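Spelled out from the first residue to the last, the chains are:
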Amino acid sequence: MIKADLTLLLDEFLSRYDDEKHLIYQDLPEWTPEKGGGYHTRLGGRVHPIWDTAKFINLVYYLDRKDCMMKAENAILSFLKTQDMNPSSKTYGLWAYYYEENLSQMLNPDFNWASFISNQMMYILKKCPSRVSPATKEKMLKSLKAAAECVIKRNASPDYTN
C-alpha cells in the first residue's frame, strides 16, 4: 500500500473511533444459524474489534500523525486491558476478537492472535518508541512478554504457516 492508501485507511478508522472506549467500532449484522459462520463469535450489533484497533494504532505511528497521537495512546491503554494477563490461564497473553466478548466467552479462541496483535505493537516500540509515554511503553512491553509466552506455549511446528 502506498502512503495515500494508508492515510485513507487511517481516516476510515478515525470515522469509527469510539471516544468513550478509545477503540475502533464496527457494526455487525446479527448472527443467525441460517447465515452460518460464527466459528469464533456470534456477536452482532456494535462491537469493537481488537484487530482494527491494533491496526489503527500502528497506522497513527507509522504515518506520524501527531494530530492523532493522543487517541492512539488512549487506544493502546484500552486495547491492552483486553489481553488475558492471568499467568495461570490457558489463554494467557491472548486477546479476544472483540472487546464485548472476553476469551472465556469465545467459542474458539484463536491462538494466532497472540502473534497477529502483538506484531502491531512491536513496530511502534521498534520504530518510534520516543512517541509513546514511558508508562504506556512499560505496559506494552509487559503485554508483549505475555504474548510471547502464549506463542511459545502454543508450540506450533516450524513448517506451520497461516
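What counts and how
In this numbering scheme, every chain counts its residues from 1 along its sequence in written order. For a predicted model such as this one, the threshold for reporting local features is a pLDDT of at least 70, and the threshold for listing and counting side-chain atom pairs is 80 or more; totals across whole chains, interfaces and linings nevertheless cover every residue. Only heavy atoms go into the side-chain values, all of them from the structure, while hydrogens and water stay out. Secondary structure elements are defined from DSSP: runs of H or I of at least 4 residues count as helices, runs of E of at least 2 residues count as strands, and each element is numbered from the N terminus. Only heavy atoms enter the contact rule, under which two residues are in contact if any of them lie within 4.5 Å. Using a 1.4 Å probe, accessible areas were evaluated by the Shrake-Rupley method; residue-level cover was limited to the displayed protein chains. Any pair of N or O atoms that falls within 3.5 Å is considered a polar contact. Within protein, one atom must be able to donate a hydrogen and the other to accept it, and sequence-neighbouring residues count only if both atoms are side-chain atoms. Think of a salt bridge as a Lys or Arg side-chain nitrogen and an Asp or Glu carboxyl oxygen that are within 4 Å of each other. Think of it in three bands: with a 1.4 Å probe and only protein chains considered, a residue is buried below 20% of the maximum accessible area for its type, exposed above 50%, and partly exposed in between. Among buried residues, those of type Ala, Val, Leu, Ile, Met, Phe, Trp, Tyr and Cys that are joined through side-chain atoms within 4.5 Å constitute a nonpolar core. Think of each axis as a best-fit line through the C-alpha atoms, taken over the contacting stretch in the case of a helix, with angles from 0 to 180 degrees between the N-to-C directions. Any angle between 65 and 115 degrees counts as roughly perpendicular, while under 35 counts as roughly parallel, over 145 as roughly antiparallel, and the rest as oblique. The crossing is said to be left-handed when, going from far helix to near helix, the turn is anticlockwise and less than a right angle, and right-handed when the turn is clockwise. Amino acids outside the nonpolar list (Ala, Val, Leu, Ile, Met, Phe, Trp, Tyr, Cys, Pro) and the charged list (Asp, Glu, Lys, Arg) are all regarded as polar, and Gly is one of them. To estimate how far a helix should extend, the number of its residues minus one is multiplied by 1.5 Å. Throughout, the arc means that of the directions going from the helix axis to the C-beta atoms.

A. View of the overall build of the protein. Scanning the protein for helices and strands turns up five helices and four strands. Moving toward the C terminus, one meets the helices and strands of the protein in the order α-β-β-β-β-α-α-α-α. For the protein, the share of sequence-separated contacts (at least 6 apart) that also reach a separation of at least 24 residues comes to 59%. Accessible surface for the protein amounts to roughly 9200 Å². Of this, 55% is attributable to carbon and sulfur atoms.

B. Representation of the side chain of Thr-91. Structurally, Thr-91 can be placed in the loop between helix H3 (69–80) and helix H4 (113–127). At 2.6 Å, the side chain of Thr-91 forms a polar contact with the side chain of Asp-84. Each residue touching Thr-91, except ones within four places of it in the same chain, is listed here: Asp-84, Leu-103, Pro-109 and Phe-111.

C. Spotlight on the pattern of salt bridges. Tallied over the entire structure, the rule returns 10 salt bridges. The closest approach of N and O atoms between Asp-27 and Arg-46, which form a salt bridge, is 2.9 Å. One end of the pair, Asp-27, is in strand E3 (residues 26–28); the other, Arg-46, is in strand E4 (residues 45–47), with 19 residues separating them in the sequence. By relative accessible area, Asp-27 is classed as partly exposed at 49%. The exposure class of Arg-46 is partly exposed, given its relative accessible area of 46%.

D. View of the nonpolar core. If you look at the biggest cluster of nonpolar residues, it comprises 43 residues, and the most contacted ones within it are Phe-56, Ile-57, Tyr-61, Phe-79, Trp-95 and Met-140. Going through the elements one at a time, helix H1 (3–15), strand E2 (23–24), helix H2 (50–62), H3, H4 and helix H5 (134–154) are the ones with two or more residues in this core. In terms of residue count, H2 provides more of this core than any other element does, seven residues in total. Filtering out sequence-adjacent residues up to four positions away, Phe-56 remains in contact with Leu-10, Phe-13, Leu-14, Tyr-17, Ile-24, Lys-71, Ala-72 and Ala-75.

E. Spatial organisation of the packing of H1 against H2. At their nearest, the axes of H1 and H2 sit 10 Å apart, and the two run at 130° to each other. As far as their axial angle goes, H2 and H1 are oblique. Between H1 and H2 lies a crossing of left-handed hand. Residue-level contacts link Leu-6, Leu-9, Leu-10, Phe-13 and Leu-14 of H1 to Asp-52, Lys-55, Phe-56, Leu-59, Val-60 and Tyr-62 of H2. Residues that form the contact of H1 with H2 fall into these classes: nine nonpolar, no polar and two charged.

F. Inspection of H1 at higher detail. With 13 residues, H1 extends 18 Å between its outermost C-alpha atoms, agreeing within 8% with the 18 Å of an ideal straight helix rising 1.5 Å per residue. When we look at burial in H1, the residues that qualify are Leu-6, Leu-10, Phe-13 and Leu-14. Mapping the buried residues of H1 onto a view down its axis gives an arc of 100°, with all of them on the same face. Counted as exposed and oriented over 90 degrees from the buried face of H1: Leu-8 and Ser-15. Contacts made by the buried residues of H1 are with strand E1 (17–18), E2, H2 and H3.

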